[in-house]
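Structural overview for review
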Amino acid sequence: MDNSSLSPILTVPVTIRDFPMPSYPVVIMGAGPAGLTAAYELAKGGVASITLEAENIVGGLAQTATYKGYRFDIGGHRFFTKVSAVEQLWKEILPNDMLARSRMSRIFYNGKFFAYPLKPFNALMGLGLIETFRCVASYGWARLFPRKPENDFATWISNRFGNRLFSIFFKTYTEKVWGIPCSEIQAEWAAQRIKGLSLFTAVKNALIGETAKRKDDVVKTLIDEFLYPRLGPGMMWERATELIAERGGSVVLNAPVTRINWEVGRVVSVEAGGTLHSGEHFISSIAIRDLIESLSPAPPENVLAAARKLKYRDFLTVALMLRGTNLFPDNWIYIHDSSVAMGRVQNFGNWSPEMVPDPETSCLGLEYFCTEGDDIWDAPDHELVERGKREIGQLGLANSDDVFDGAVVRMKKAYPVYDGAYSAALAEVREFLNCLPNLQLTGRNGMHRYNNQDHSMLTAMLAARNILGGHYDLWQVNVDQEYHEEGKQITLEEIRQMEATQPRVPRRVDE
Ligand SMILES: Cc1cc2nc3c(=O)[nH]c(=O)nc-3n(C[C@H](O)[C@H](O)[C@H](O)COP(=O)(O)OP(=O)(O)OC[C@H]3O[C@@H](n4cnc5c(N)ncnc54)[C@H](O)[C@@H]3O)c2cc1C
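Now for a look at the structure at hand. (Residues numbered from 1 in each chain as written. Predicted model: local features only at pLDDT ≥ 70, side-chain atom pairs only at ≥ 80, totals over all residues. Heavy atoms only, no water.)

**A word on the site of the ligand**
- Among the 33 residues in the neighbourhood of the ligand, the closest are listed as E53, H77, R78, V257 and R444.
- In this structure, an oxygen atom belonging to the ligand sits 2.8 Å away from a main-chain N or O atom of L61.
- Within the complex, the protein chains bury 90% of what would otherwise be the 1,000 Å² of accessible surface of the ligand.
- Listed by contribution, the elements that provide at least two residues to the shell around the ligand are α1 (33-44), β19 (403-416) and α18 (453-467).
- Tallied by class, the residues present in the shell around the ligand amount to 15 nonpolar, 13 polar and 5 charged. (Near = heavy atom within 4 Å. Polar contact = N/O pair within 3.5 Å; in protein donor to acceptor, adjacent residues only side chain to side chain. Areas by Shrake-Rupley, 256 points an atom, 1.4 Å probe, with all protein chains shown as cover. Helix = DSSP H or I, 4+ residues; strand = E, 2+ residues; numbered from the N terminus. Nonpolar A, V, L, I, M, F, W, Y, C, P; charged D, E, K, R; others polar.)

What follows is the structure in structure tokens.
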């Protein structure tokens, strides 16, 4: 991430010591939610650890960047979980700073707002008479002459909503996020996400009312309320870092792991920022590809080749500071217009007023889904800020002239990609790593799992408990185990519900 223009927000003095460094029993790679959860749980269990972080800030993807007192997320981060142990941990770390927020997010298209998730009746009402007529005609056509086979996202949605509604409400945003045409995305993804929603049921519900059950079905995928630290998600991880330090752990910033020394049967030490750290146990939350490429001696060629097949999608935020407030009431807005490249806009003052230092101003986070090396990723910061100003004005969401400053945060490997190669590649890497039982993989890129914080944290909690004497399979976390500790337990039902709230990832048709 290039955040050189941004000031680090870590408030705790971090330990950066010269070689030789004392050996900690546990060495943790990455100070995102997973790494810091592991360190925190270990500290509570009386085990000291050292956490090595490449960047100058903790929190990973869930960090909060600061720029001239303005605070913003790397994509707004809601805190919600079905796992009580995770929620308990949030409240333990920040007992007095979690705000309960109601979610407000809508779709913006052609100068108008639409409900999200989509309510077809609301959508039709908002489109105006002529467009509504076109949509209804296109819907009728699709019902009379559905396209077969129905293997891809575009066909699946068009058959249920008509091609016109598909183009307006599904195509543009999906293609912005994933960077692949909807005709190349498997239909299964649509079926999972749009359970029970069809134009016919929506119109029927609008006319004769929704039954409680139907309402329950429709909102299944929604989280209407969430918790949010008053200074953004980074506050959680900054405070966790302080608590870890108070209990004897150490978090070292600017310490990218570059070499992982191993011998048959175990990892021996890790080199980060020019310093060697030995330990008994190792926990990684860094990207699997980087982990494997750092192994010394190098693993067998097939393992290296497998790790290199793991791919990622990147992400950048253009934060704009504007004069004026009350631009729109949403936490965030999905941008469905194809005339602009931004995919979403966050309004950070609506997440927490304390994200904005001057109450006469606003801070918007314009989100661009991109790939390292593409035109957006490579554009200089000042061009991106100019682009952001132009796009926000063009959409009419704010006046470009009110923008008085801006900053850019790039985030590599924001999304692990599930393509045709990833599953076999991951299996191959995991098989090799079985020979290193003192190394546990946790977290999002650490396990190549497109997840929310709670899932990352749960895998890290279980990794810590394994070191404290447990026997948990982190890869089976969603499937078939219950977890007990000090009277607290994580039940199968909680895990099932957590799984239902994790984001779903599209796969390509030919995979
Ligand atoms: C746009 C966006 C929006 C999101 N919204 C939400 C949300 O609303 N709610 C939610 O719960 N989750 C959300 N998430 C997901 C959440 O951010 C992740 O689940 C979580 O941050 C994963 O934590 P982690 O510790 O596994 O990984 P990360 O957050 O990726 O942390 C990994 C850490 O390892 C460090 N690292 C990497 N390589 C090295 C190395 N070689 N040496 C040392 N350190 C290294 C990184 O710098 C980073 O700090 C969102 C994610 C994105 C991208």
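**Section: the sheet that holds strand β2 (residues 49-52)**
- The strand order across the open sheet formed by 5 strands is β9-β2-β1-β13-β20, and the pairing between neighbours is parallel. Each edge of the sheet is formed by a strand with only one pairing partner; in this case those strands are β9 (250-252) and β20 (439-441). Taking each pair of neighbouring strands and ignoring which way they run, the sheet shows an average axis angle of 15 degrees.
- Pairing between strand β1 (residues 26-29) and β2: 4 bridges, direction parallel. Residue pairing across strands places V27 opposite I50, the latter belonging to β2. (Pairing = 2+ DSSP bridges. Axes fitted to C-alpha atoms, helices over the stretch in contact; angles between N-to-C directions.)

**Some points on the packing of aromatic side chains**
- Summed over all chains, the structure comprises 27 aromatic pairs.
- Consider the rings of F79 and W90, whose centres lie 4.9 Å apart with planes at 70 degrees: the pair is edge-to-face. Placement of F79 in the loop between β4 (70-73) and α2 (84-93) and of W90 in helix α2 is noted, with a sequence separation of 11 residues between them.
- With centroids separated by 5.2 Å and ring planes inclined at 50 degrees, the aromatic side chains of F226 and W351 adopt a geometry described as tilted. Within this pair, whereas F226 is found in strand β8 (residues 225-229), its partner W351 is found in helix α13 (residues 348-351), the two being separated by 125 residues in sequence.
- Judged by relative accessible area, W351 falls into the buried class, the value being 1%.
- For the cation-ring pair, R160 lies above W156, with the distance from its terminal atom to the ring centre recorded as 3.9 Å.
- Cation over ring: R430 sits above W475, and NZ or CZ is 4.0 Å from the ring centre. (Phe/Tyr/Trp six-rings, centres within 6.5 Å; stacked < 30°, edge-to-face > 60°. Buried < 20%, exposed > 50% of the residue type's maximum accessible area, 1.4 Å probe, protein only. Lys NZ or Arg CZ within 6 Å of the ring centre and 35° of its normal.)

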